[in-house]
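# Examining the three-dimensional arrangement
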Amino acid sequence: MKNDNILEVRDLNKHFLMKKSLIKDRQVFVKAVNNISFDVKRGQTLGVVGESGCGKSTLGKTILRLWEPTSGTITFNGENIVDYDGEKIRSLRKDMQYIFQDPYSSMNPKMTIRDIIMEPLDNFRKELSTKEKEEIVVSLLEIVGLSKNEMNRYPHEFSGGQRQRIVIARGISLNPKFLVCDESVSALDVSVQAQIINLLVELKKRFNLTYMFISHDLRVVKFISDRIMVLYLGEVMEIADSNELFANPRHPYTKSLIGSISKGNPRVKNPRVILEGEIPNAMNAPIGCPFSTRCPIATQKCHVEKPLLREVDSNHLASCFYA
Ligand SMILES: Nc1ncnc2c1ncn2[C@@H]1O[C@H](COP(=O)(O)OP(=O)(O)OP(=O)(O)O)[C@@H](O)[C@H]1O
Ligand SMILES: [Mg+2]
């Protein structure tokens, strides 16, 4: 493992068995994460982008061992954590935290904010007294821009942006090294989005954090990420540094995503490409390139042969025969 990588993922798979198979006596799997490999450098933000259902949340949860991987290796801080079980998986929570896609459903509505933020401390910092833990909760609230007067209120009494601040406070309460932020700003108004992103950027500097930042919105990902990974139907289409990805996208899928956000902006050089067609059903993914059914440049080869992720430029990977 390279020393400056905090995380190395190799050939990771997470397949779900569908209970009600359409064809009798045949097992049907959804390959939500399909042979994914990538690295995350310490202190950087890896943005993960792709349309709904492409496997972003499954990838995040599997990397953190919240879900059992089907196969592959996940090397975190030099150790393959796929080998971990029981107590060792539990102890990972101190270093790796997941900030869930929907903050409201990840908070117990009957618990006060104080108890919600204190929960990880109760579980992992048993040496602390209640008073000490309360002091930490107060300082965490301050760090994320909330007041200690809000401590005894309940989740439903807060706005979406405030709830996001609460789950961020809980996420950093154990001083983790690695945070997966899953659609942390997607449900918020643009101005509140900016506040939360600025908060995440500030926390990253202050606490030397590394982020995996998941979003279906390429604009948000562009703003916060050092490097970006583009997913489609559970597979990596392209990985490159953020600036390089936007200046020189190589995969037709990335080009169409960028095209769809730059619509109407004359300063963006890339020609506008409108994504046509539906995403194929994940249970019935194409045999060849997963994007082949919607790709404007697909050839016969793309429908039958799967392109491998390969280096198309220095530090720039894409999985397309024509990238
Ligand atoms: N527990 C599960 N059991 C079966 N299939 C699942 C499960 N969780 C996710 N999937 C399937 O895995 C695929 C990837 O889902 P996932 O939630 O990871 O996508 P996503 O990229 O996070 O989407 P979104 O942007 O909507 O959050 C989907 O086809 C989904 O239906
Ligand atoms: Mg998701």
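This text goes with the structure placed above it.
I will try to describe carefully the structure that is included in this document. These numbers were taken from a predicted model, which means no experiment stands behind them. (Residues numbered from 1 in each chain as written. Chains lettered and ligands numbered in written order. Predicted model: local features only at pLDDT ≥ 70, side-chain atom pairs only at ≥ 80, totals over all residues. Heavy atoms only, no water.)

Moving on: the overall build of the chain. Each helix and strand counted, the chain has 10 helices and 12 strands in total. Counting only C-alpha atoms and orienting by the principal axes, one finds that the chain spans roughly 65 × 55 × 40 Å. Counting all 323 residues of the chain, 50% fall into the buried class. Considering only contacts within the chain whose residues lie at least 6 apart along the sequence, 64% involve residues at least 24 apart. Per element, the accessible surface of the chain, about 16,100 Å² overall, is 48% carbon and sulfur. Looking at charge distribution, the chain has the averaged site of its 45 positive side-chain charges lying 3 Å from that of its 38 negative ones. (Helix = DSSP H or I, 4+ residues; strand = E, 2+ residues; numbered from the N terminus. Buried < 20%, exposed > 50% of the residue type's maximum accessible area, 1.4 Å probe, protein only. Contact = heavy atoms within 4.5 Å. Areas by Shrake-Rupley, 256 points an atom, 1.4 Å probe, with all protein chains shown as cover. Lys, Arg positive; Asp, Glu negative; His and termini not counted. Charge placed at Lys NZ, Arg CZ, Asp CG, Glu CD.)

On to unusual backbone geometry. Phi at R65 is positive, roughly 65°, even though this residue is not glycine. Its place among the elements puts R65 in the loop between α1 (56-63) and β4 (71-76). Residue R65 is classed as buried on the basis of its relative accessible area of 6%. Positive phi is not limited to glycine here, since E183 has a value of about 50°.

This brings us to the site of ligand 1. Around ligand 1 sit 16 residues, and of these S52, G53, K56, T58 and Q101 come closest. Between ligand 1 and the protein, one listed contact pairs an oxygen atom with a backbone N or O atom of G55 at 3.1 Å. K56 is positioned such that a nitrogen or oxygen atom in its side chain is 2.8 Å from an oxygen atom of ligand 1. Calculation on ligand 1 without its partners gives an accessible area of 630 Å², and the protein chains cover 67% of this total. Ranked by residue count, the leading element in the shell around ligand 1 is α1, at 3 residues. In terms of residue class, the shell around ligand 1 is made up of 7 nonpolar, 6 polar and 3 charged. (Near = heavy atom within 4 Å. Polar contact = N/O pair within 3.5 Å; in protein donor to acceptor, adjacent residues only side chain to side chain. Nonpolar A, V, L, I, M, F, W, Y, C, P; charged D, E, K, R; others polar.)

The values reported here are purely geometric and, on their own, carry no functional implication.
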